[in-house]
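If you want the building blocks of each chain, they are given just below.
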Amino acid sequence: MILVNDQWLSRGEAKVDIEDRGYQFGDGVYEVIRVYNGKLFALDEHLQRLKRSLVAIRIKPPYPMEVLEKNLYQLVEHDQLTDGIVYLQVTRGQAPRGHGFPKAAQSVLTAYTKSIDRPLKEMTSGISAHLTADIRWLRCDIKSLNLLGNVLAKQEALEKGCQETIFHRDGMVTEGGSSNVFIVQNQQLVTHPSSHLILNGITRQQIIKLATVLGIPVVERAFSIDDLFAAEEVFVSSTVQEVSPVVTVDKVVIASGKPGPLTQQLQKQFETLINK
Ligand code: PMP
């Protein structure tokens, strides 16, 4: 089923207007929420971030978050989804094309489910990453539909035979193409602070909490490309990639070239969290 505002439609019935501002301007925001064992994972955190993104770009959602929450539960139940994701977006709605906010437009919310597997292979073997200049805008904290910078960077990585992009701004690592980046340096976990330069990932937030529980010190500060290459361990985190070790960056082997011990500890702890 596809949820369009408060309507339940089939895939064929759900249509996007040619003047939907999400379609023409990327004028909207989104969330990707994991479903494990039929349960929406970290739903409150995702809805909070959605609210924040909506406020940041001044879109009023079509209905309150409590109604959305109920609808999302219904969506997962209806689709009988056990393991996968819910993709959800809100655009500023349909109006004759023009850059300024339309007075009359009503925001449009769409949500649907997709069944996907956990990234078990990536988690055990590790992934390769490609370093690229972060040429995106300066509000990466908003989970905006404008993903062209990420799309181009990811494609560049894929064409280099890598699975993920690692962005840097003037030599300082910001985040991944669709993930956050962590390194282990002097047995401490280091990751870019939550700022306008990165998306504050829900998985990132969970990992910081888990590390604290495990007694692994966490430092939120920007680190350099040199720090990345010299790291004891590197991993990326996201809703889809979970905790994926990075074993090479542009063909340069990171440390032993295998998932590191702290990364594995965090993976284990994360696993406990999702099985709760
Ligand atoms: N940064 C970017 C640019 C992303 O696209 C994502 C994935 N949505 C993340 C970080 C990780 O966020 P999360 O852990 O909430 O999936």
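Residues numbered from 1 in each chain as written. Predicted model: local features only at pLDDT ≥ 70, side-chain atom pairs only at ≥ 80, totals over all residues. Heavy atoms only, no water.

## A look at the pattern of salt bridges
Oppositely charged side chains can form a pair if their charged atoms are brought close together.
So, step 1. Counted by the stated rule, this structure contains twelve salt bridges.
So, step 2. Glu-271 is the salt-bridge partner of Arg-118, the closest N and O atoms lying 3.0 Å from each other. Here Glu-271 lies in helix 8 (residues 261-274) and Arg-118 lies in the loop between strand 6 (108-115) and helix 4 (120-125), a separation of 153 residues in the sequence.
So, step 3. What makes Glu-271 partly exposed here is its relative accessible area of 29%.
So, step 4. One network of salt bridges, in which partners are shared, links Asp-134, Arg-136, Arg-169 and Glu-175. (Salt bridge = Lys/Arg side-chain N within 4 Å of Asp/Glu carboxyl O. Helix = DSSP H or I, 4+ residues; strand = E, 2+ residues; numbered from the N terminus. Buried < 20%, exposed > 50% of the residue type's maximum accessible area, 1.4 Å probe, protein only.)

## A word on the domain arrangement of the protein chain
Where the parts come together, the accessible area they lose is often given as the size of the interface.
So, step 1. Taken domain by domain, the protein chain holds domain 1 (2-115) and domain 2 (120-274).
So, step 2. For domain 1 versus domain 2, the distance between C-alpha centres works out to 26 Å.
So, step 3. Of the residues lining the interface, 25 residues belong to domain 1; the matching set on domain 2 comes to 19 residues.
So, step 4. Summed over both sides, the interface between domain 1 and domain 2 buries roughly 1,800 Å², with carbon and sulfur atoms accounting for 59% of that surface.
So, step 5. Broken down residue by residue, the surface that domain 1 buries against domain 2 is led by Tyr-30, Phe-41 and Arg-49, which jointly contribute 33%.
So, step 6. Between Asp-141 and Arg-52 there is a salt bridge; the shortest N-O distance is 3.1 Å.
So, step 7. Where domain 1 touches domain 2, the interface holds nine residue pairs in polar contact (both at pLDDT 80 or more).
So, step 8. Of all elements in the fold, only helix 1 (21-25), strand 3 (28-36), helix 2 (43-56) and strand 5 (84-91) reach the threshold of two or more residues within the side of domain 1 that touches domain 2.
So, step 9. The biggest single contributor to the side of domain 1 that touches domain 2 is strand 3, with eight residues.
So, step 10. Partitioning the side of domain 1 that touches domain 2 into residue classes produces twelve nonpolar, eight polar and five charged. (Domains from an automatic or database assignment. Contact = heavy atoms within 4.5 Å. Buried area = accessible area lost by both parts, 1.4 Å probe. Polar contact = N/O pair within 3.5 Å; in protein donor to acceptor, adjacent residues only side chain to side chain. Nonpolar A, V, L, I, M, F, W, Y, C, P; charged D, E, K, R; others polar.)

## Details of helix 3 (residues 65-78)
So, step 1. Taking 1.5 Å as the rise per residue, helix 3 with 14 residues should run 20 Å; its terminal C-alpha atoms sit 20 Å apart, in good agreement.
So, step 2. Two residues or fewer after helix 3 comes Gln-80, characterised by a positive phi angle close to 50°. (Expected span 1.5 Å × (residues − 1).)

## Quick look at the environment of Phe-25
So, step 1. Following the sequence through the fold, Phe-25 ends up in helix 1.
So, step 2. Sequence spacing of Phe-25 and Ser-125 is 100 residues, and the spatial spacing of their C-alpha atoms is 39 Å.
So, step 3. Contacts of Phe-25, omitting those with residues within four sequence positions, involve Arg-97, Gly-98, His-99 and Asn-146.

## What about the environment of Thr-165?
So, step 1. With respect to the helices and strands, Thr-165 occurs in strand 8 (residues 164-169).
So, step 2. When neighbours within four sequence positions are excluded, Thr-165 is seen to be in contact with His-130, Thr-132, Ala-153, Lys-154, Ala-157, Glu-175, Gly-176 and Gly-177.
So, step 3. Only 3.0 Å separates the side chain of Thr-165 from the backbone oxygen of Ala-153, close enough to count as a polar contact.
So, step 4. One polar contact links the side chain of Thr-165 to the main-chain amide nitrogen of Lys-154, over a distance of 3.5 Å.

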